[in-house]
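Breakdown of the fold
One letter stands for each residue in the lines below.
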Amino acid sequence: MEYTVIPRRGCAWLFFSFMLIIGALWGSALGVFVWILDDAQNVISSLETFRPKTGTKVYADSGELLYTFTIEDRQLVPLSQIPLHVQKAFIATEDALFYSHKGVRPDAIINAVFYGLRTGRFRGGSTITQQVVRNVETLGVGQERSVKRKIREAIVALQVEREFTKDEILELYLNQVFLGINAYGVESASRQYFGKSVQDLTLSEGATLAGLTRAPNINEPINHFKNAIERRNIVLGQMLEEGFITEKEYQEALTEDLSSRIITPEKREQLKKEGIDIYEPYRMKAPYFVEEIRKILLSKYSVSEVFEGGLSVYTTLDYPLQKVAETTLEEHLTKFDKPRREAKDFLPVSGALVCIDNRPGYEGFVRALVGGRNWEEEKYNTATQAKRQPGSSVKPFIWMSAIASGMTPSTLIDDSPFVRVMPNGRVWAPKNFDGSFRGPIPLRQAIEKSINIVSIRLVDMLGLPFVRTFFERCELNTVVSNSVGLTLGLGTVEVTTLSHTVAYSVFAHNGMKFYPVFIKEIRDAEGLLLYDYHLYQQREQVVDPKVAYVTMHMLKGVCTPDSSLGYYPTGHRASALKRPVGGKTGTTNNSRDAWFCGFTTDFTTVVWVGYKDNRSLGRGVNYTGGRLACPIWVDFMMFAEKDLPVRDFTVPSGVQFYKINRITGTLGGSYTEAYIEGTAPPTFYAVPRRTEEAIPEEALLEPIDQNQPSTSTTTEPTTPSETEVAPLLPPEEQKNPDPGF
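Residues numbered from 1 in each chain as written. Predicted model: local features only at pLDDT ≥ 70, side-chain atom pairs only at ≥ 80, totals over all residues. Heavy atoms only, no water.

Here the focus is the environment of Ser 401. In this fold, Ser 401 is placed in helix α16 (residues 395-404). The exposure class assigned to Ser 401 is buried, which follows from its relative accessible area of 0%. Residues within four places of Ser 401 in sequence aside, it is in contact with Leu 462, Phe 466, Val 467 and Phe 470. (Helix = DSSP H or I, 4+ residues; strand = E, 2+ residues; numbered from the N terminus. Buried < 20%, exposed > 50% of the residue type's maximum accessible area, 1.4 Å probe, protein only. Contact = heavy atoms within 4.5 Å.)

The tally for this structure, following the rule as stated, stands at 23 aromatic pairs. Judged by centre distance (6.0 Å) and plane angle (20°), the ring pair of Phe 507 and Phe 599 falls under stacked. Note that Phe 507 is positioned in helix α20 (residues 497-508) and Phe 599 in strand β17 (residues 593-599), a separation of 92 residues in sequence. An identical accessibility class is assigned to Phe 507 and Phe 599; each is buried. (Phe/Tyr/Trp six-rings, centres within 6.5 Å; stacked < 30°, edge-to-face > 60°.)

The next point concerns the sheet that holds strand β14 (residues 529-532). With mixed pairing, five strands are arranged side by side in an open sheet as β2-β1-β5-β13-β14. Both edges of this open sheet fall to β2 (65-69) and β14, since each of them pairs with a single strand only. Within this sheet the neighbouring strands show an average axis-to-axis angle of 15°, counted without direction. Inspection of the sheet shows strand β5 (residues 312-315) paired to strand β13 (residues 519-523) by four bridges, in the antiparallel sense. The residue of β13 that forms the bridge with Tyr 314 is Glu 521. Relative to the sheet, helix α13 (residues 287-300) contacts β1 (56-59), β2, β5, β13 and β14, its axis offset from that of β2 by approximately 45°. (Pairing = 2+ DSSP bridges. Axes fitted to C-alpha atoms, helices over the stretch in contact; angles between N-to-C directions.)

The next subject is the side chain of Asn 219. Inspection of the secondary structure assignment puts Asn 219 in helix α9 (residues 216-219). Judged by its relative accessible area of 9%, Asn 219 falls in the buried class. Within the structure, the side chain of Asn 219 is placed 2.8 Å from the backbone oxygen of Arg 214, a separation counted as a polar contact. (Polar contact = N/O pair within 3.5 Å; in protein donor to acceptor, adjacent residues only side chain to side chain.)

If you want it as structure tokens, here you go:
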């Protein structure tokens, strides 16, 4: 019998295979361990530097929050400012064992997995720590609903728990969680639903917020009050079960009238009417001013820095003054609209107001800016974007050039018909507002009565290149082209209200131009200073101080009436301030624009009124800058100057004063006028010889303005006495001294 001998095989290959597998597993485990260590370091670094997305907060000078440029409405608060009962409400409903587990609850995860296998749907089993790491984008966990993401989430949560305290994790959670509508975090939610800080929430209110963590937009109390109450009661029950509150506290919270605490849109509007300003997400205060801030910020920083970087912007806006500016302008414009609303082509009249500070240390600060009547309906900013003709409010700059050329307030200019035949053959025959001519008239009286012919003659005498330099230097980015010609004397160039305000502030500063300041400081999310206006503020001496002061002094005369003479300059209503004030009215052709530009030692304020489509405001004296814009200016400035000391303008060296006859401009009288040293008023009324201009026949037959009657073109010079030539109010104003506009 033969046997087949089978060769014996050793166990070496089994051992080798086993060791190979063990080595592979060990290497994989080591690799995973190294990866976990490396990933843990990345996680810790990411979380240490993580900051929830917060927008740029814009503050008024007084600290009032005007607006937050943001994608997510979130206001960060430290845990120490969140009441303990609010913290416990969230813990009770989201993670009752938060302070005892290590970041992950295996029992909750296992239950969630079995539930998912059984039903095909996933439900929450996450701790607060897991929710935090899930919502921090830089950790890379994400929101994907999968087992893989859950494992990754658990690993990261364990890493976070080892490096951060429970309080740090809870603070991050309460500032990050979405709580419905626009609110991210408990502070924003508290202000959105209850109109107050989270620090002031009651137990019932805190439980209401905690109830929003699951399906916030269908449980929020403004639009789904019943759902919100049900969720609140569930949270209160969980707090009682966990021993976070007593039975008495539970019962009291259940019976609290939550409906009276919720700030609905209707209640918010009612409170606003009562003068109570309640926080409202994405609502701007001083919207036209804030819009200018947005433009400035985006010119300096990226979109993400502005809307997610957590900047703090401290502006120059005086919020109480801004509110008065908005209210005053709206009241006057509404009053103007009222009798016109029934017209078929009715269009609400527009207006703008800009106020700039003149006080030492605050020069150029924009204190109030109103660029429209309703931000929700018209985003176009008439204060900074709309270019309108200034009309007669351009005249002070022409008078300034006259003083710089050697003239004085007493210099006589002939107010007689002025006619030019244009290169195209058309005849230009401008008129004064009332259609009359006064003959030789001192410069100071001519500006007080806003005489068009004198303004045109000055441009003609001095030359456009010389005159326009004064206007261009004082304004902002305004260029007067050669095509404007002599019509510069009538204000046919275009300016913005902001630019015109800056230009008029030059008079209050003796020729020094302070560029407008909107922002004082910008700080980053950590409070570090990024921008300080002191380093960038621009100022420029654009006019000789003596020239600026003498012109300014004549503008004081524009606002100073003399009832004993029956003398009322165009800006006489500004005298209601009962303090040194200068200014000038402005009315363009057919009363399409009405201006009042005035200043004190404290503020320069300009008011504009007109229609967006450039239609006429009306005809006659009731539709001038003195009648429409000046009353708005007065009402605003009365508030602005309240409780401020009365100060006069600083007199620069090289200026001297004389007592003169206010009407004739001659030496000897009761009115004080300023003159540059080396010049003086005349001792007698020297009437200049008039050079008669050849008046084309067509000028007599066809006046340029068809709506005004033709006037006589010959006026004999006379030597007036103070009582004979004292300009009176026009007949219309004598019958109706104040139309109430």
